[in-house]
Amino acid sequence: MSPLAYRSLTAAGVASFLVGSHLLVPDAAVRAHHQYLFVTAIGYGHLLGPAQGAWRSACAAPGRALFAAVTVVVGFVAYLEGVSRWPGLAFALLALSVWHFAENDAALARALRARGPLGPLPGRPRVHAGPFGAAACVVGAALLASPDPGWLGDLFAATTGFHLLGWCVFLHARGTGLRRLLLLHGTPLALGVWLATSSSERLEPIGRWLFTPGVYLYWASLHVLHTGWLRRASA
């Protein structure tokens with residue numbers, strides 16, 4: 001598959017989702033809410049992929065796994081405290097995630113062009129100028145769009161959805177079966193729909209916690225650091 005085909009298929013899928021969501025849910029605020037829940041639920045499936053490898057490694061080294069788990073929990077508590085004192089911390093993690101989207105798009109295109117693996121993060125700062133510029137533009141657009149839930153929902157769905165769907169297109173082009181991709185992403189989606197539509201008072205706090213933007217950003221940021229480390233190790 002060529003980079004053009006990968007980007008065209010991904011863009012077509014994202015555009016179809018945006019058009020469909022506008023047709024099905026005319027109210028901007030309600031539509032943005034459902035877009036966020038849908039994309040975030042699939043996003044958890046995206047985070048599970050690399051985490052499976054980390055889990056297998058953890059089973060082989062329980063002591064290191066315990067240390068990593070404690071570090072993640074302590075980091076999460078510190079992050080929640082930091083966000084409560086300085087809300088801008090969440091925007092810093094948002095910028096990190098958007099840079100990850102842009103850098104991954106460039107890396108996937110390079111891998112498809114060379115017909116090779118994704119490869120390590122490039123060491124030349126000039127290579128990262130484009131992804132950093134794209135991240136700055138998207139974060140700036142998010143700040144400008146924040147008063148309008150419809151625009152903000154579309155922006156989130158377009159950028160995050162392009163990253164998630166783009167990886168599925170890339171993995172399928174590299175031989176990953178559709179069944180595996182659907183299972184990995186469909187399971188969290190089904191769980192998210194169940195939590196979002198459940199009337200149970202016990203489940204409602206779990207769903208609210210899982211889909212809080214700040215909480216998802218923390219796990220997404222760990223994903224960025226973890227995948228960056230994996231690519232560094234492959235250098």
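Residues numbered from 1 in each chain as written. Predicted model: local features only at pLDDT ≥ 70, side-chain atom pairs only at ≥ 80, totals over all residues. Heavy atoms only, no water.

Novice: Tell me about the nonpolar core, and name the residues and values.
Specialist: Tyr36, Tyr44, Phe76, Tyr79, Phe211, Tyr216 and Leu217 are the most contacted members of the largest nonpolar core, which totals 22 residues. Where this core is concerned, the elements lending two or more residues are α1 (3-24), α2 (28-60), α3 (62-85), α4 (88-114), α6 (149-173) and α9 (213-233). Tallying contributions element by element places α2 first for this core, with 7 residues. Excluding anything up to four places from it in sequence, Tyr44 contacts Pro188, Leu210, Val215, Tyr216 and Trp219. Membership of the second largest hydrophobic core comes to 7 residues, among which are Tyr6, Ala111, Leu112 and Val169. (Core = buried A, V, L, I, M, F, W, Y, C linked by side-chain atoms within 4.5 Å. Buried < 20%, exposed > 50% of the residue type's maximum accessible area, 1.4 Å probe, protein only. Helix = DSSP H or I, 4+ residues; strand = E, 2+ residues; numbered from the N terminus. Contact = heavy atoms within 4.5 Å.)

Novice: Would you mind going over the pattern of salt bridges in detail, with residue names and values included?
Specialist: Across all of its chains, the model carries 3 salt bridges by this definition. Across the pair Glu103 and Arg110 runs a salt bridge, and its minimum N-O distance is 3.9 Å. According to the relative accessible area criterion, Glu103 is buried, its value standing at 3%. Of the residues examined, Arg110 reaches a relative accessible area of 32% and is grouped as partly exposed. (Salt bridge = Lys/Arg side-chain N within 4 Å of Asp/Glu carboxyl O.)

Novice: Please provide a residue-by-residue account of the environment of Val224, values included.
Specialist: Examined against the element boundaries, Val224 turns out to sit in helix α9. On a C-alpha basis, the gap between Val224 and Phe211 in space is 18 Å, while along the polypeptide they are 13 residues apart. Beyond its immediate chain neighbours, meaning those up to four positions away, Val224 contacts Leu96, Ser97, Trp99 and His100.

Novice: Explain the side chain of Asp154 residue by residue, including any values.
Specialist: By the element assignment, Asp154 lies in helix α6. Polar side-chain contacts of Asp154 include one of 2.9 Å to the side chain of His22. Ignoring anything within four residues of it in the chain, the contact list for Asp154 reads Leu18, His22, Arg31 and Gln35. (Polar contact = N/O pair within 3.5 Å; in protein donor to acceptor, adjacent residues only side chain to side chain.)

Novice: Can you explain a nonpolar patch on the surface? Please cite residues and give values.
Specialist: On the surface, Leu66, Val70 and Val74 cluster together to form a nonpolar patch covering roughly 280 Å² of accessible area. Relative to the helices and strands, Leu66 resides in helix α3. Residue classification places Leu66 among the exposed positions, given a relative accessible area of 57%. (Patch = residues over 30% accessible without salt bridge, like charges linked within 9 Å, V, L, I, M, F, W, Y side chains within 5 Å. Areas by Shrake-Rupley, 256 points an atom, 1.4 Å probe, with all protein chains shown as cover.)

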